[in-house]
Amino acid sequence: MTVALTPTAAHAADRTTTPNAVIQWNIHAQTAIFETARQSPTAGTRSFAMVHGAVYDAVNAIAGAPYDPYLTAPPTRRGDSVPAAVATAAHRVLLKLFPAQETTLRAQYDAALAAIPDGSAERGGIAVGEAAAAAMIAAREGDGAFSDATWPVGDQPGQWRPTPPQFLQVGAWFATLRPFVVENPHAWTVPAPPKLTSRAWARDLNEVKAVGEAGSTVRTADQTEAATWWDDPRMVEWEIKRGLATSQRLSTLQTARLFAMAEIAAADALISCYGEKKRWAFWRPVTAIPLADTDGNPATSADPDWLPLRTTAPSAEYPSGHACFTSSLMTTFRTFFGRDRVPFSAYSPDSGTTRHYTSFAAATAELEEARIWAGVHYRFATTHGTKLGTAVTKQVLRESFQPRRH
């Protein structure tokens, strides 16, 4: 499906407004969600989706609702301030999520409003932003976030158990989180992981054992960089999204729509993904490789001292959450721009490098490999994670954010 970009005159005029308020509040959201609250990339997906769903509804309403609202199209008046609406919608949602950050969030909000002339336009924008935020906050009440759900733990070959170094139980609540768009996120499934006695299991285990080990001699320097770059908890996907909005000269409305599509689709994709993780509760390489002498497969052998290049996330193995997430974003970008070949790049503090891509498909393909090079996933986990994330995202985008038929 291709969603054509057909900016109206109002959209084109909006391109002259600088800076892009949606990008600025995305940066503020990252500061609140990750830098300050230290939410995990998975938990943060819900927070980003809430912020950008509200921002989109506010901006879309002021533009005359050319696209289907996500939750609401608040009443507007001609000339209502878009920057005031963006700031208010984002601020109200972030304040609800992180009340302990009230002082910082208020300072950011006051600075945003100070740049807008006082008057009816500012007041109107604030009212629209407040209405959009209120709808989002109400919609997510009691959605199951941060419940005390846990991963199934086993002690038999193939069964997940907490992993070093901290042996934590984290993130299982995402498997039962209320979705943002799809009716049943668990309608999408992945096939069973390979039988431990199979040739496919031995192949994938031995691959990650060789290339994903911390001290691997077969992994190249570029593969090590890519594994680190993609594994940065300051998700490079956040910068990719902002970079695309800037390089492609998106208007505020287009940026709001792209960010809402990306964040909400990714959230639903991860809910499906985590449901499958919980269903299969499969062991991670850091567990399986030291215990490979228990899997009943003569083509595998144990290495009790084996450790991965990157720290294994405290969640079940299959499918790869990062593959679900990244494939979702790249599918959204491809759909939004109507083509796959759009150049982009991003910087990772963890690797200290910037990586460049010529297409969304190329980035997805490298992410699949990078999770193996990092030593945290098997190939079948990344392959099926990509398929799952892509399928859920296509459904979300079929149902939401479409041009309205007037």
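Each residue is numbered by its place in its chain's sequence as written, counting from 1. Only residues with pLDDT of at least 70 are given local features in this predicted model, and only at 80 or more are side-chain atom pairs given and counted; all residues enter the totals for whole chains, interfaces and linings. The basis for every side-chain value is the complete set of heavy atoms in the structure, and neither hydrogens nor water enter the calculation.

Starting at the N terminus, helices and strands are each numbered in turn, a helix being any DSSP run of H or I of at least four residues and a strand any DSSP run of E of at least two. A count of helices and strands for the protein gives 14 helices and 2 strands. Taken over C-alpha atoms, the radius of gyration is set against a globule rule of 2.2 Å times the number of residues to the power 0.38. Against the compact-globule benchmark of 22 Å for 406 residues, the protein has a radius of gyration of 22 Å, which places it among compact chains. Taken along the three principal axes of its C-alpha coordinates, the protein extends 75 × 40 × 40 Å. Counting across all 406 residues of the protein, residues that qualify as buried make up 57%. Counting contacts in the protein only where the partners sit at least 6 residues apart, residues at least 24 apart contribute 80% of the total. To be clear on the numbers: accessible area is Shrake-Rupley with a 1.4 Å probe, and residue cover counts the displayed protein chains and nothing else. Counting only carbon and sulfur atoms, one obtains 53% of the accessible surface of the protein, whose full area is about 16,100 Å². When accessible area is computed with a 1.4 Å probe and restricted to protein chains, residues below 20% of their type maximum are described as buried, those above 50% as exposed, and intermediate ones as partly exposed. Contacts are residue-level and defined by heavy atoms, with any inter-residue pair within 4.5 Å sufficient.

We call a pair of cysteine sulfur atoms a disulfide when they lie within 2.5 Å. Counted by the stated rule, this structure contains 1 disulfide. Note on cysteine connectivity: cysteine 273 is disulfide-linked to cysteine 324, with sulfurs 2.5 Å apart. Residues cysteine 273 and cysteine 324 are joined by a disulfide whose S-S torsion is about 75°; by sign, that bridge is right-handed. One end of the pair, cysteine 273, is in helix 10 (residues 252–280); the other, cysteine 324, is in helix 12 (residues 321–337), and 51 residues separate them in sequence. This pair shows no difference in class: cysteine 273 is buried, exactly as cysteine 324 is.

Looking now at the pattern of salt bridges. Here a salt bridge means any side-chain nitrogen of Lys or Arg lying within 4 Å of a carboxyl oxygen belonging to Asp or Glu. Using the criterion set out here, one finds 20 salt bridges in the structure. Across the salt bridge formed by arginine 106 and aspartate 110, the nearest N and O atoms sit 2.9 Å from each other. Here arginine 106 pairs with aspartate 110, and both are found in helix 5 (residues 102–114), just 4 residues apart, close to one helical turn. Here aspartate 110 falls in the partly exposed class, since its relative accessible area comes to 35%. Taking the shortest distance from any N to any O, the salt bridge between glutamate 317 and arginine 284 comes out at 3.9 Å. With glutamate 317 in the loop between helix 11 (285–288) and helix 12 and arginine 284 in the loop between helix 10 and helix 11, the pair connects residues that are 33 residues apart, well separated along the chain. Residue class for arginine 284 comes out buried when judged on its relative accessible area of 2%.

Here the focus is helix 2 (residues 21–36). Under the 1.5 Å per step criterion, the end-to-end length of helix 2 is 21 Å for 16 residues, consistent within 8% with the ideal 22 Å. Turning to helix 2, its buried residues number three or more, namely Ala21, Val22, Ile23, Trp25, Asn26, His28, Ala29, Gln30, Ala32, Ile33 and Phe34. Capping the start of helix 2, asparagine 20 holds a side-chain oxygen 2.9 Å from the backbone nitrogen of valine 22, two or three residues further along. Looking one or two places after helix 2, you find arginine 38, whose phi comes out positive at around 60°. To estimate the expected span of a helix, subtract one from its residue number and multiply by 1.5 Å. Definition of a polar contact: a pair of N or O atoms within 3.5 Å, with one able to donate and the other able to accept a hydrogen when the atoms are protein atoms, and with sequence-neighbouring residues admitted only if both atoms are side-chain atoms.

Side-chain rings of Phe, Tyr and Trp (the six-membered ring for Trp) are treated as a pair once their centres are within 6.5 Å; stacked means planes under 30 degrees apart, edge-to-face means over 60, and tilted covers the remaining angles. Summed over the entire model, instances satisfying the criterion amount to 23 aromatic pairs. Clustering of aromatic rings is evident, with ring pairs tying together Trp229, Trp230, Phe333, Phe336, Phe337, Phe344, Tyr357 and Phe360. The ring of phenylalanine 180 has arginine 140 sitting right over it, with the charged end atom 3.7 Å from the ring centre. Charge over a ring is defined by NZ of Lys or CZ of Arg lying within 6 Å of the ring centre and within 35 degrees of the ring normal.

Relative to the helices and strands, glycine 375 resides in the loop between helix 13 (360–373) and helix 14 (379–399). Judged by its relative accessible area of 0%, glycine 375 falls in the buried class. Residues glycine 375 and alanine 214, 161 residues apart in the sequence, show an inter-C-alpha distance of 7.7 Å. Sequence-distant contacts of glycine 375, defined by excluding residues within four places in its chain, comprise Val208, Gly212, Pro285, Trp306 and Pro308.

With that settled, the discussion passes to helix 7 (residues 199–211). Over its 13 residues, helix 7 extends 18 Å from the first C-alpha to the last, a length consistent with the 18 Å expected when each residue adds 1.5 Å. Listing the buried residues of helix 7 in full gives Trp201, Ala202, Asp204, Leu205, Val208, Lys209 and Val211. Tucked into the core, helix 7 has its buried residues touching helix 8 (221–231), helix 11, helix 13 and helix 14.

For the bond running from proline 164 to proline 165, omega is 10°, close enough to zero to count as cis. Tracing the backbone through its elements, the reader meets proline 165 in the loop between helix 6 (120–139) and helix 7. For the bond from tyrosine 318 to proline 319, the omega torsion is 0°, close enough to zero to count as cis. Along the chain, proline 319 turns up in the loop between helix 11 and helix 12. Even without glycine at this site, arginine 38 takes up a positive phi of about 60°. With respect to the secondary-structure elements, arginine 38 resides in the loop between helix 2 and helix 3 (41–62).

Moving on to the packing of helix 8 against helix 13. Where helix 8 contacts helix 13, the axes come no closer than 8 Å and their chain directions differ by 100°. One element, helix 8, and the other, helix 13, form an angle in the roughly perpendicular class. Only Ala363, Glu366, Leu367, Ala370, Arg371 and Trp373 of helix 13 make contact with helix 8, whose side of the interface consists of Gln223, Ala226, Ala227, Trp230 and Asp231. Gly is placed with the polar residues, together with every amino acid not listed as nonpolar (Ala, Val, Leu, Ile, Met, Phe, Trp, Tyr, Cys and Pro) or charged (Asp, Glu, Lys and Arg). Its residues assigned to classes, the contact of helix 8 with helix 13 shows 7 nonpolar, 1 polar and 3 charged. Comment: axis = line fitted to C-alpha atoms, over the contacting stretch for helices; angle = value between 0 and 180 degrees taken between N-to-C directions. Angles are sorted into four bins: roughly parallel if under 35 degrees, roughly antiparallel if over 145, roughly perpendicular if 65 to 115, and oblique for all others.

Membership of the largest hydrophobic core comes to 124 residues, with the highest contact counts inside it found for Trp230 and Phe333. Considering every element that reaches this core, the biggest residue donor is helix 10, with 16 residues. Ignoring sequence-local partners within four residues, the contact set of tryptophan 230 consists of Val236, Glu237, His322, Thr326, Met330, Tyr357, Ala363, Glu366, Leu367 and Ala370. Nine residue types can take part in a nonpolar core, namely buried Ala, Val, Leu, Ile, Met, Phe, Trp, Tyr and Cys, and a core is a set of them joined through side-chain atoms within 4.5 Å.

Turning our eyes to something else, we now look at the confidence of the model for the protein. Looking at the protein as a whole, its pLDDT mean stands at 95, while 95% of the residues score no less than 70. Here residues 1–17 is modelled with pLDDT under 50, and outside its nearest four sequence neighbours on either side it reaches 26 contacts, counting other chains as well. Along the chain, pLDDT gives the predictor's confidence residue by residue, from 0 to 100.

Moving on: the environment of asparagine 184. Mapping asparagine 184 onto the fold places it in the loop between helix 6 and helix 7. Judged by its relative accessible area of 39%, asparagine 184 falls in the partly exposed class. As a C-alpha pair, asparagine 184 and serine 272 span 88 residues in sequence and 8.6 Å in three-dimensional space. A distance of 3.0 Å separates the side chain of asparagine 184 from the backbone nitrogen of histidine 186, its partner in a polar contact.

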